[in-house]
Structure formats: C-alpha cells, structure tokens
Amino acid sequence: MREANKIRDFDWTLLLLVLSICSMGIIEIYSATRANALAGMHWKQFWWVVIGLACMLVVSRIDYHTILDQAPLLYLVGLAGLVLVLAIGERRFGHKSWIAIGGYTLQVSELVKLIIIVVLARFYSEVRTDRLSLLDLGKAGLLTGLPVGLILLQPDLGTTIMIVPIAAVGAFLVGIQWKHAVAFLLIGALLLPVGWSLLKPYQKERIHTFLRPEENPRGAGYQTQQAKIAVGSGGFWGKGIGKGSQNQLGFVPVRWSDFILAALAEEMGFVGVLVTLLLYMFLLRRLVQNAQWAKDRSGMHIVMGVAAVLGVHVFVNVGMMIGYVPVTGIPLPLMSYGGSSTLFVFMALGLVMNVRMKRFVN
Amino acid sequence: MSYWIGNDQKLPQARLSVAQYVIAGITLFLLIGFWKLQIIQSDYYAQLAERNSIRSIPIIAPRGRMLDREGRVLVDNYPSFSVLLLREDAKLLTQNLPVVAEGLGVPLEEIQQQVDASKNIPKFQPILIKPEATPADIAFIESHRADLPLLELLMVHRRRYPRDGFMAHAIGYVGEVSEKQIEASGGKLRPGDFAGKSGLERQYNETLMGSDGLRRVIVNSVGKEVGRLEHTEATPGKPIKLTIDYDLQVVAEAAMAGQKGAVVAVDPRTGEVLAMTSHPAPDPNAFAVRISREEWKRLNEDEDRPLLNRVIQAQLAPGSVFKVVMSTAMLESKLIPEDFSVYCPGYADFYGRMFKCHVFGKGGHGQVELHKAVVQSCDVFFYNVGKRLGIDRISYYAYQLGLGRRTGIDLPGEENGLVPSEEWKKRVFKQPWYAGETISVAVGQGATVTTPLQLARTVGGIALGGVFKQPHLLLEAKNVKEEDFPISENTTEKVTQAMFGVVNEGGTAAASRLEGIEFCGKTGTAQLISGEGLKKAGKQRRFTDNAWFVGYAPRRNPEIVVAVLVEHGVHGSTAAAPVARDIIKAYYDKKGAREKKQFTVDYRRYDLGAQPDVAQAPVAGKPETDAAVQREAGHHP
C-alpha cells in the first residue's frame, strides 16, 4: 500500500517536462557537434541523463528528513571538498573547480550547491517565527558566506551567483524584514567597489563588455555578439536543425554547452525558443507547486532551494543569449552538455520528488 | 528524529504564490527579448550572420602582355600575394594595428596613413596594405587567422618588366590606383587595384586590364574556407602587339647606355615606331610593387630627370637639324632663287651684331649654295635664308611640316614643342618680334624647341614628299592619321640629295657612312647658352651643347627614320649620328638576313630580365646584363 502510494505520488508531470527539455538539449548537442571532432557528444549526454535519472530515483527514496539530519556533516564535507579543490583541483576554463575521481572529473561546486540547499533548508525550518531576526539572518549569511568565499577563490563567479539566491529565497519565505532586506542591498551596493577590486582581469572585462558590448567584439563581447547574431538570424521559424551558419561554422562559442540556447534559437527560431522557455516556466512553476504542497516547512525550503538554483541558472543563461546578462559561464540546466551539472540537476530533482512523495505520509 | 521535524507551522502560501508570478514574469520578459531579436531585428542579424560566414574574394585578372611586332614578349606577369586589411571592425582595427604592423614589418605610421586615406571607401572593402607578401608574411597571416581576423591574402599578378629600364618610358608602369582614379572609373576600379600610370600601360589600360572575377566562399569562425557559393572566373586582359622591333630596340638601348638622351626609330611610310628609348631610365620593376616615398622623391628630383620620356617630352632647340625645314621652306616658297649663294667667312653681321658660323675661327665655308650649306651645315647661308624668308614664313612651314604641335603618338604626356612667330611673341611676352631673333631661329636656335619624335616625323615626311603619318606603337592601330603637305618633286629631290651628302659626300656625318645603304640625315648641335656664357661657366657638362642627328634610309621614300638626341653630346656628328647609323645598319642587316635567314644582331645577349622568384622582389641592375650593355656600348665610343 505504501509502495503504491509512492509510485502514484511520483511527479510524472515534472518528469515529462524534464525529459522534454533533455531531448531538445540532446538534439541540439547533436546538431552543434555533428560536423567536428566532438561528434557523438549527444550520446554521452544521453547516458548522463540516464545516470541522472537513476540518481534522482535513489535520492527520492531516502527520506529527506534523514538527509536533513545529516546537514551539519554534509556541510563540513562540502567545505572540505572546496578546500581540497583549491589544493589539488584541476584548472579548467580559467578556474580551479574540478576534481578527478576515477577517470572522471567532477565539479565539486555542483555538489556544494546541493549541500547548501539542504543546510539552509534545515536552518530556515528551525526558525520558528514569521519574522526573521537580524541574528538569524546573520547566521544564514554566515552559513552561505563561508562556501561562497571558498568558491570565489577558485575563482568561479558564476557558481557564487547561483548560491546566494538559495539563501535569499529562503529568507524571503521565512519572512525577512523589509528594513533588513534594504540594509542588505545597501551593504551589497557599498561592497561592490571592494568586490570589483577583487575581481580578476577577465571578470572585469566581462562586466565591462556587458555594459558596452560593441567595444571589444573579438574579446568577451565577441561571444555575446555572436550569440545575438545567431539568435537574431534564426528568425521566426529558424534555419533548420543542422543548418544554422553561426552554429555549424563555429561562430557561436561553446554552442554545445553554455550557448546551446543560441544554437537552438538559430536553428529552431522563435518557435523553438518559445517552446523551450515555456517548458522551463512550467518546470519551475511545477517546482513551486510542489513546495506549496509540501508536508512541512523543511520540505518546502528544500524544494524552493532547488527552484531558486534552477530558476537563476535558467534565467541568467537565457539572459546571456540576448545580451541581457554578462557572460558568466553558467550552463543551461538539463540542456547544456556536462556530466556534473546534469547529475546535480537530477539529484536536486530527486530531493523534490522526495518531498513530494512524503506529502501524505505521517 | 530531531525536534524540528515536528514543525507544523503553516506554509507561507502567499509568498510561494509570489514566486509563481515572478517565474511567469521573468519568462515573459525574456521572451520579449527574443521577440525583439528574432522577429523585429531578424533581417539585421541575418545580414550580420551572412557577413560573418560569407566572404567575397576577388580573382584578379592578369593584365595583358606586351609583345613586340614579331610576338616576342616584352612585358609579362608573375603570381604574387597581396596582403589585404579588413576594416569592418573599427575598434578591432585600432587595437590590433600595432600587431599587424609588427607582424608584417611595415611601419605603423604607414599603415595608419593608409587606413586614414581610405576613410571614404566603404568599410566592407578591404584595403591593400602590403603588395608583395613574403613567405614570412604568409605564415604570419595563416597562423593568426583566428585571433587576428584582420588580414587576408589575395593572389595577384604582378608585372614583370624588362630589366634595367629597357624601353621603360614607352612601356610605362602600373601602380595602385589613386582615389581620384577610383572615383573616375565609375565602380570599375577598387582600392588596391593596379592600373597603368604612364606610357603604354596607361594608354592601353582598358585593353590590358581585363575584368576581375569573384569567388564567394563560406568561411568558419577561424577563417577557414569550408564551402563555395559562387565562382566567376576573371577575364584576362588582352595582350597588345607593339610596332617595336625588339632587335632594333636592343641596339638603341645599347647605343644609349650611359648617355643622356633619346632615340626613336619610325617607319615613316606607316608611322610605326620601331624603337624608342630614353635615357636615363628608371627600372619599372621597382614601381611594379610599390615604390617607397623616398625613392619616388629621388626619381622626381633627380636633375637628370629619369622619369621624362625624352622622345616625346624633351623640348630642346633642334640646332642644325632645323636646316632641313629651312631648305624645304626656301625651295617651296620660291622667294629665293634655287641657286642662291652666299660667301661664308666664318661669320656674318646682321643688325649690328655678329653671328658666328660653327666653323668660326677655322676659316669659313667660302662660297656656299643650298646643297653645300646643308652638307657642311653652314650657318651663314641659313642666316641669310632666314632673313629673307622672315619669321612668319619660317613659322608657317615649320608648323606645316609638323613642328610646334603634337605628333599624336599613342602615349600620354606628349609635348608640343614650339615654333616662334611674331604673333606668339606678342601673345606670350607682350613684346614685338626683333629681326635678330629670326637669324637665330633660322639655325634652330632661339625659342624654337622640338622633341626627337617631331623631328623624326618631319624629316621622314619631307623625304616622302610631304606625307606625315601619325606615329604609333600599337601594331594593329586603326585610323592612323595622315597629314599631307605636298612638297614639289624638285624640292624633295634637292633636300634629300643634300641630306644624302651629309653622310655620303664628306659632310658633317661622313664618319657614319654605311656601305651599300642610302643612309641620309642631318646633324645638329644645339647651344644651351651662348659661347661667351659657356666660357664663363667653365665648360661644365650641363651647359655643353646637345647633339642631334636625324637619319633615314633610303634617300627617297624611306623605310626607316631615326632621330637621336644626346644631351651634352657636343657634336651631332660624333655623338648622335653613330647611334642612328647602328640602328639603320641593324635594320638592313635584319632585312637582309631575313632573306638569307641569318641574324647579325645577337639579341639573345639581352635577355628580357631574369624571372624573379615570387618571394624575391625584382632587383634592378643584374651585373651580367650591365656588363653586356657596356660591352655593346664600347663599340661606339
């Protein structure tokens, strides 16, 4: 009886949305890489999705309360992992965030995202008022700030940006006081110049380029410009799969990964973009719905943490394609090629399934 | 289980609903962004995408070759690479210009200047920044295709001219078109194109140029060609066959080596120019690529004026050669009896001033009539003739016989020369004509100036009885103009007999006599300043007399007429006549050999210049040829 409930409670709608997005991703990875040395990459991605589904299933079967119980331990493991990466990690794409495990390289910060979701869910659910005190806000900030600081040292600005919203969304749900929110924003604004001075030259250039993209088209602005050309030239119906010149001739940077949506927009046009964005919107709304139906606050916090991370990923990445957001090296969840990020998303979704399936259990 | 699991607080449903709206709102906002790009601006981006991946590369049409009258190649092409600078991206350009300059070994200022100079040319048209790419340049460009997408290589055909300025002035040279030429061409010429700048290259540019083809190719993001869209072959320029006889040209060049002056050989019956040379001559191979500003300045400021085509641009006093015109005028006007004679004591007085004969100080010519006056080149006789004819009559005949106006040769930049008249002096100097000036004009001095080509046409035309053909260099020239100024049989006979005497009856050019050939002609020695002035100047070379000789053969209805100018050659008889003699001898040797099938002129000694390697810029002055030219020149000291 209990098992039957579980299968019935599995979120089939969510799964359908996820698999639709993954399919579009695999098709576009195929199109973007078919004509060069990377050909066959879509099969790899297919297997990552399969493994991801398995992970999701596993994570969904462990009671999330059990996971929450181990939050302090997980937190320490996460911090240790980040320190380890700084010590022995491999440098890729300008930052030290990869660690080799048995022939595969793993991006530790992806795992850390999951851990932070769990840790903050536990922290926020322990706050029993509807008004978040300054002290608790400070604690949440500290919990988040420690790993964020370590990731900044890698230095990986993109991942940092992905983590902060988890804390922010949680604070909002618990009931952050307006004055605190305003104060935090002000402090953030005041810290901006300090932060700017800590940035690496390439990061400064990216932000500079974002503000004035036409100034250095061959540098960082080149990527934005080429992505916009790909998107714009796609028109309403697109040029057809495998027929986008920007994509096929390699003008779109890392078109199988971070810029996959630009490649898709060129070949499938506005129609393809519309379908993709609606799928993501339904996915995110479905996540929030699961949060709304959660059995308790800790479950809600977990689901909303996942929704926050995925939402920011999707919106920042999509914004990059049309020049609304600076180039930050953030993949599009479920579509971009990449083992670590795919596994992370599926494990995160596993947590969501987990919460959903507990909603009628007492 | 810990205490917190039992948290039964209600979920903040209102805040979760806010999240739902935020998600929908952001999605809508992003979709609007895509709508703007993909629907509203899609044409603009489609264009950018096309410009990214489609590159138009011109296929340069090879210029037509220049052949001599027997089809021997005078001017040819060789393949080479030009470096083009793409300027679509202004920021990228300014940032990387120093790298480009260093990579190509071109001074930054020079490139910058070229970029500035092309401001008015559409940005999508690349400009030529280095015409002759070295292998190192090609390697530099190929290896930086991805990170320096500013440079492009273009296969071109470069002109290969004969070395050492062989026939340089007649051939001319090509150069990069100026902005003015581009505007004037009505879209036919683009920046970096080459077009004729002088000589035949300019005259027949339209024929020689052909039209470029176009290749539209697909390139990937690192500039590698991955596909082909369109291919229009270039239409090569048409070759032109010249009237020049390479064998005679070789003799003319050799004879003039190391001298300053000009030689032109014309067939007066047709107007065909058989040989044409002007010395000193620049090596046009040095301009065929790109001439440096210093070199150009040097050529322009050189006081020997190597860029001047003396055959059509040297305007100098003809000296005694003018006596041919005077003799014709005297006999045709019938104002003076045919047997008119004067006594020459070596000088004569007119209007209270003494005019010397060229034999002044060595006695005189004694009693002189027309024939002897021409043969011995007696000035005193022609002073008297001039005085009797008067300036306007001299001027009329000189003009009718082809002086003081262009011959109409198919070369740009021909000069008019000048035949003075009373009207001319009044118009230009606002002064009356002085009778004493007529005396100077009568012996080809004073204001009278002619070009070598004019003299060749005039003397040839007189020997033909008054038929003056338009000289030309294009063998298949259509509509060759002919001017007729009928000269009576008697006059023609007497004047040609006199010119025959100059060479064959112990006249001023007796040393140049040719056995078995009716070689006729007239020497000239033209003063640049007066005899007293010359003494004061201390016999500096630049003030010494110019030597002239206009010779032809045979005496009546000549086949070839040769005008020779040797600047500062002092005497027409010693400096100029032997040059004409050699050419005329070569002409007859060849004519005879054609019948006997053998050649006396070994033209193989003057090869048309080594074939320069693509990577190696043509170098002027190959020692072997220099030696050969000097050896040949040594034959005629």
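**Re the overall build of chain B**
Stage number 1. Secondary structure assignment for chain B yields 24 helices and 21 strands.
Stage number 2. Per-residue burial over chain B gives 44% buried out of 637 residues.
Stage number 3. Pairs at least 24 residues apart make up 73% of the contacts formed inside chain B by residues separated by at least 6 positions.

**Focus: the overall build of chain A**
Stage number 1. When its secondary structure is counted, chain A shows 15 helices and 3 strands.
Stage number 2. Counting across all 362 residues of chain A, residues that qualify as buried make up 52%.

**Description of the interface of chain B and chain A**
Stage number 1. Listed per partner, the contact involves 41 residues of chain B and 47 residues of chain A.
Stage number 2. Elements with a contribution of two residues or more to the side of chain B that touches chain A: α1 (13-40), α2 (42-53) and α3 (90-104) of chain B.
Stage number 3. Considering each element in turn, the side of chain B that touches chain A owes the most residues, 17 residues, to α1 of chain B.
Stage number 4. Of the residues that constitute the side of chain B that touches chain A, the class distribution is 24 nonpolar, 14 polar and 3 charged.

**Some details on the nonpolar core**
Stage number 1. Counting 127 residues, the largest nonpolar core has Val263, Val264, Ala265, Val562, Val564, Ala576 and Ile583 of chain B as its most contacted members.
Stage number 2. The greatest single-element share of this core, amounting to 9 residues, is contributed by helix α23 (residues 572-596) of chain B.
Stage number 3. With residues near it in sequence (within four places) discarded, Ala576 of chain B still touches Thr523, Ala547, Trp548, Phe549, Val564, Leu565, Val566 and Gly569 of chain B.
Stage number 4. Counting 119 residues, the second-largest nonpolar core is a separate cluster that includes Leu17, Met24 and Phe315 of chain A together with Leu30 of chain B.

**Some remarks on the sheet that holds strand β21 (residues 560-566) of chain B**
Residues and elements named next belong to chain B.
Stage number 1. Read from one edge to the other, the open sheet built from 5 strands follows the order β12-β11-β21-β20-β19, with strand pairing classed as antiparallel. The sheet is open, and its two edges are formed by β12 (272-279) and β19 (520-526), each paired on a single side. Neighbouring strand axes in the sheet, compared pairwise and without regard to direction, differ in orientation by 5° on average.
Stage number 2. When strand β11 (residues 261-267) meets β21, the two strands line up antiparallel, connected through 6 bridges. Residue pairing in the sheet places Val263 in a bridge with Val564 of β21.
Stage number 3. Contacts between helix α20 (residues 452-463) and the sheet are confined to β11, β19, β20 (546-553) and β21, with β21 contributing the most and set at about 145° to the helix.

**Describing the sheet that holds strand β8 (residues 213-219) of chain B**
Residue and element names in this part refer to chain B.
Stage number 1. A sheet is described by the order of its strands in space; here 3 strands give the open sequence β1-β8-β9, paired in antiparallel fashion. Two strands in the sheet have a free side with no partner beyond their single neighbour: β1 (54-59) and β9 (225-232). Pairs of neighbouring strands in the sheet enclose a mean axial angle of 25°, with direction left out of account.
Stage number 2. Note: β1 against β8, 6 bridges, orientation antiparallel. By the bridge assignment, Ile54 is partnered in β8 with Ile218.

**Observations concerning the packing of helix α3 (residues 41-61) of chain A against helix α15 (residues 339-357) of chain A**
The packing of two helices is summarised by the inter-axis angle and the distance between the axes.
Residue and element names in this part refer to chain A.
Stage number 1. Between α3 and α15, the shortest axis-to-axis distance is 7 Å and the interhelical angle comes to 30°. Relative to α15, the element α3 is oriented roughly parallel. Crossing hand, α3 versus α15: right-handed. Where α3 abuts α15, its residues Trp48, Val49, Ile51, Gly52, Leu53, Cys55, Met56, Val58, Val59 and Ser60 lie against Gly339, Thr342, Leu343, Val345, Phe346, Met347, Leu349, Gly350, Leu351, Met353, Asn354 and Met357.
Stage number 2. Each residue belonging to the contact of α3 with α15 can be placed in one class, and the counts come to 16 nonpolar, 6 polar and no charged.

**A look at the confidence of the model for chain A**
Detailed conclusions should not be drawn from predicted coordinates in areas where pLDDT is low.
Stage number 1. In the predicted model, chain A carries a mean pLDDT of 85, and the fraction of residues at 70 or more is 89%.
Stage number 2. The lowest-confidence element of chain A is helix α1 (residues 2-9) of chain A, averaging 60 in pLDDT; the highest-confidence one is helix α13 (residues 260-292) of chain A, averaging 95.

**Section: unusual backbone geometry**
If a residue is not glycine, its phi is most likely negative; likewise, a peptide bond is most likely trans.
All names here are of chain B.
Stage number 1. Between His279 and the following residue, Pro280, the backbone shows a cis peptide bond with an omega angle of -5°.
Stage number 2. In this fold, Pro280 is placed in the loop between β12 and α11 (285-288).
Stage number 3. For the bond running from Ala553 to Pro554, omega is -10°, close enough to zero to count as cis.
Stage number 4. Here Pro554 shows up in the loop between β20 and β21.
Stage number 5. Positive phi values are uncommon outside glycine, yet Tyr351 reaches one of about 50°.
Stage number 6. Of note, Asn479 is a non-glycine position whose phi angle comes to about 55°, a positive value.

**Thoughts on the environment of Pro135 of chain B**
Residues and elements named next belong to chain B.
Stage number 1. With respect to the helices and strands, the residue Pro135 is situated in helix α5 (residues 135-143).
Stage number 2. Take Pro135: there are 10 C-beta atoms within 10 Å of it, and that puts it in the exposed class.
Stage number 3. Separated by 54 residues in the primary sequence, Pro135 and Phe81 place their C-alpha atoms 9.5 Å from one another.

**Side note on α2 of chain B**
All names here are of chain B.
Stage number 1. Spanning 12 residues, α2 covers 16 Å between terminal C-alpha atoms, matching the ideal 16 Å at 1.5 Å per step.
Stage number 2. Taken as a whole, α2 has its buried residues at Ser42, Tyr45, Leu48, Ala49, Asn52 and Ser53. Down the axis of α2, the buried side of the element spans an arc of 120°, and every buried residue falls inside it.

What counts and what doesn't
Residues numbered from 1 in each chain as written. Chains lettered and ligands numbered in written order. Predicted model: local features only at pLDDT ≥ 70, side-chain atom pairs only at ≥ 80, totals over all residues. Helix = DSSP H or I, 4+ residues; strand = E, 2+ residues; numbered from the N terminus. Buried ≥ 20, exposed ≤ 12 C-beta atoms within 10 Å, placed from the backbone. Contact = placed C-beta atoms within 7 Å. Nonpolar A, V, L, I, M, F, W, Y, C, P; charged D, E, K, R; others polar. Core = buried A, V, L, I, M, F, W, Y, C linked by C-beta atoms within 7 Å. Pairing = 2+ DSSP bridges. Axes fitted to C-alpha atoms, helices over the stretch in contact; angles between N-to-C directions. Parallel < 35°, antiparallel > 145°, perpendicular 65-115°, else oblique. Left-handed = near helix turned anticlockwise from the far one by under 90°. pLDDT = per-residue confidence, 0-100. Expected span 1.5 Å × (residues − 1). Arc of directions from axis to C-beta.

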